[in-house]
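Breakdown of the fold
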Amino acid sequence: MAQAFEANAQQALLASRAEQALQLARQLGADSAEVGASVDQGVGVSVRLGEVETVELSRDQGIAVTVYVGQRKGSASSTDAGAESIRATVEKALSIARYTGEDPAAGLAEAELMARELPDLKVHYPWKLSTEEATAIALECERAGRDCPGITKSDGASLSTGEGVRVYANSHGFLGTQKGSRHSLSCMLIAEDDKGMQRDYDYTSARDPQALRSPGAVGEEAARRTLRRLGAQRPKTGSFPVLFDPMLASGLVGHLMGALAGGALYREASFLCDRLGTPLFPAWFNLEERPMEVGAAASSPFDGEGVQTRNNRFIVDGQVASYMLSSYSARRLSMQTTGNAGGARNLRLAAPLRSFEDLLKEMDRGVWVTELMGQGVNGVTGDYSRGAAGFWIEDGQIQYPVEEFTIAGNLNTMFSGLVAVGNDSDTRGSIHTGSWLVDSMTVAGD
């Protein structure tokens, strides 16, 4: 079993090291500085065919220092948080700053924006699990899947549990700390018929181990998802409606947020440049983040620069209402930070929701996509082309599994052509959404 992780003691230690680094940066000539420090510990177990494959005990720590000399910036990091290493890291950051060019947008976020509300968001739930207990859970999960008729092989089951502490501090006098945990269990299985082998998986993930689904439920769902893929064939070629599974719909939200990110915008590498206030989705679609949601996957009262996080409405009544900005990208765009250094936190859709059966009836004839492969997304133009697998839909009913085809379109037209969102929301990650039905995409199969 891993050594005890005393989160409160680690929190105090990291805070002390961060303050030490800031003080040293001032003494050595920095006009301002910021420090991030973290420590994480976890246990990971994987099993396959009833045998233990790997057991991993991990403990990682690090400290990163950024200094500003005028408008010159230097950054350095170390995995050793001892006093000598902290000094060497600060000196290295200062050395880099003195040789870099001036950047008018460089600097800390404004002092008046620093977080003042630092509530406990209930994101730390330690799981005191021995490696023997973790192994037993993983074996139970795989066994439940392998016991399902039709399952012939297994790619194994894995359990991971971890907790950590992070600290951010800067020269404004801000110091924020947060404890967190993450636990997950997954299983991947294989089935075979005269047309070949198929594999699929299922997983459960949560901050609180009590919120995880049971090992048996995960294994059985992995088996169900695997077996339903047997007998797959290639679909017809043409333009058809496409229904994205919730896991894949969250990826579409991810592409949207990448295009709304300040870094892409000031580099003019986004298809959403100069799109504030313009329609992108149907008028019934809204998207916001809720970073202060208690117990959620990405909750935090402060962003990566110490700025107070807030609810941001990115899409309002189908229109682009806000970009996703850090203080640096905001300065480059002559705008204000949205408290999104480090990305968006807890994205939630507000839209009329329909049942999965209603979505199938609405699409009538097309493809329900349950797996995507490859990259194939151009953030500059919005062009979208991915390998896919799923199921052919005819007369609003699932007919047979399909594979070895591509779907193609453009994110602009895919977003504007969103017909409906399902009530089958996937809540395992920081993006909560159900299935997305897009009116038409190019399907290239036979």
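Further up the page is the structure itself.
These lines cover the structure that appears in this document, whether it is placed above or below. Only a predicted model underlies this, so the values are computations on that prediction, with no experimental measurement involved. (Residues numbered from 1 in each chain as written. Predicted model: local features only at pLDDT ≥ 70, side-chain atom pairs only at ≥ 80, totals over all residues. Heavy atoms only, no water.)

**Observations regarding the packing of helix α1 (residues 7-27) against helix α2 (residues 83-99)**
Threshold: As a rule, the C-alpha atoms of each element are fitted with a line to give its axis, helices using only the stretch in contact, and angles between N-to-C directions run from 0 to 180 degrees. Going along the chain from the N terminus, every DSSP run of H or I of four or more residues is numbered as a helix, and every run of E of two or more is numbered as a strand. Under this scheme an angle from 65 to 115 degrees is roughly perpendicular, one under 35 degrees roughly parallel, and one over 145 degrees roughly antiparallel; angles in between are oblique. Note on convention: the crossing is left-handed when the near helix lies turned anticlockwise from the far helix by less than a right angle, right-handed when the turn is clockwise. Contacts are assigned to residue pairs with any non-hydrogen atoms lying within 4.5 Å of each other. Charged residues are taken to be Asp, Glu, Lys and Arg, nonpolar residues to be Ala, Val, Leu, Ile, Met, Phe, Trp, Tyr, Cys and Pro, and polar residues to be all remaining types, Gly included.
At a minimum axis separation of 10 Å, α1 and α2 run at an interaxial angle of 45°. When the axes of α1 and α2 are compared, the pair comes out oblique. Between α1 and α2 lies a crossing of right-handed hand. Note on element contacts: α2 touches α1 through Ala83, Ile86, Arg87, Val90 and Leu94, opposite Arg17, Gln20, Ala21, Leu24 and Ala25. Among the residues making up the contact of α1 with α2, the classes are represented as seven nonpolar, one polar and two charged.

**Here we look at the environment of Gly417**
Relative to the helices and strands, Gly417 is located in the loop between α9 (411-416) and β16 (418-422). Each C-alpha atom of the pair Gly417 and Met324 lies 23 Å from the other, and the pair is 93 residues apart in sequence. Not counting residues up to four positions away in its chain, the partners in contact with Gly417 are Leu437, Val438 and Asp439.

**Observations regarding the sheet that holds strand β1 (residues 32-48)**
Selection criterion: Strands are labelled as partners when DSSP assigns at least two bridges between them.
Read across the sheet, six strands follow the order β3-β2-β1-β4-β5-β6 without closing on themselves; strand pairing throughout is antiparallel. For this open sheet the edge positions go to β3 (72-78) and β6 (196-206), each flanked by a neighbour on one side alone. Mean inter-strand twist for the sheet, computed between neighbouring axes without regard to direction, equals 20°. As paired elements, strand β4 (residues 151-170) and strand β5 (residues 175-193) share 17 bridges and run antiparallel to each other.

**Topic: the sheet that holds strand β8 (residues 286-289)**
Spatially, β10-β9-β8-β11-β17 is the arrangement adopted by the five strands of the open sheet, whose pairing is mixed. Sheet topology places β10 (319-320) and β17 (431-432) at the edges, where each strand pairs with a single neighbour. As defined by bridge partners, β8 adjoins strand β9 (residues 312-316) across three bridges and the pair is classed as antiparallel. Across the sheet, Glu288 pairs through a bridge with Arg313, a residue of β9.

**Regarding the pattern of salt bridges**
The line we're drawing: What counts as a salt bridge is simple: a side-chain nitrogen of Lys or Arg found within 4 Å of a carboxyl oxygen of Asp or Glu.
Under the criterion given, the structure shown has 17 salt bridges. Arg199 is the partner of Asp155 in a salt bridge, and the nearest nitrogen-oxygen pair spans 2.2 Å. One end of the pair, Asp155, is in strand β4; the other, Arg199, is in strand β6, and 44 residues separate them in sequence. Asp202 is the partner of Arg213 in a salt bridge, and the nearest nitrogen-oxygen pair spans 2.7 Å. One end of the pair, Arg213, is in the loop between β6 and α4 (215-227); the other, Asp202, is in strand β6, and 11 residues separate them in sequence.

**Comments concerning the side chain of Asn312**
The cut-off we apply is this: Each residue's exposure class comes from its accessible area (1.4 Å probe, protein chains only) as a fraction of the maximum for that residue type: buried when under 20%, exposed when over 50%, partly exposed otherwise. Pairs of N or O atoms within 3.5 Å make up the polar contacts considered here, provided that, within protein, one atom can donate a hydrogen while the other can accept it, and that residues adjacent in sequence are counted only when both atoms are side-chain atoms.
Counting through the fold element by element, Asn312 comes out in strand β9. Taking relative accessible area as the criterion, Asn312 reaches 4% and is therefore assigned buried. Within the structure, Asn312 has its side chain in polar contact with the side chain of Arg310 (distance 2.7 Å). Each residue touching Asn312, except ones within four places of it in the same chain, is listed here: Leu287, Glu288, Glu289, Thr338 and Asn340.

**Focus: the packing of helix α3 (residues 131-146) against α4**
Where α3 meets α4, the axes come as close as 7 Å, and the angle between the chain directions of the two elements is 35°. With respect to the hand of their crossing, α3 and α4 are arranged in right-handed fashion. Seen from α3, the contacting residues are Ile137, Glu140, Cys141, Ala144 and Gly145; seen from α4, they are Pro215, Gly216, Val218, Gly219, Glu220 and Ala223. When the residues that make up the contact of α3 with α4 are grouped by side-chain class, the tally is six nonpolar, three polar and two charged.

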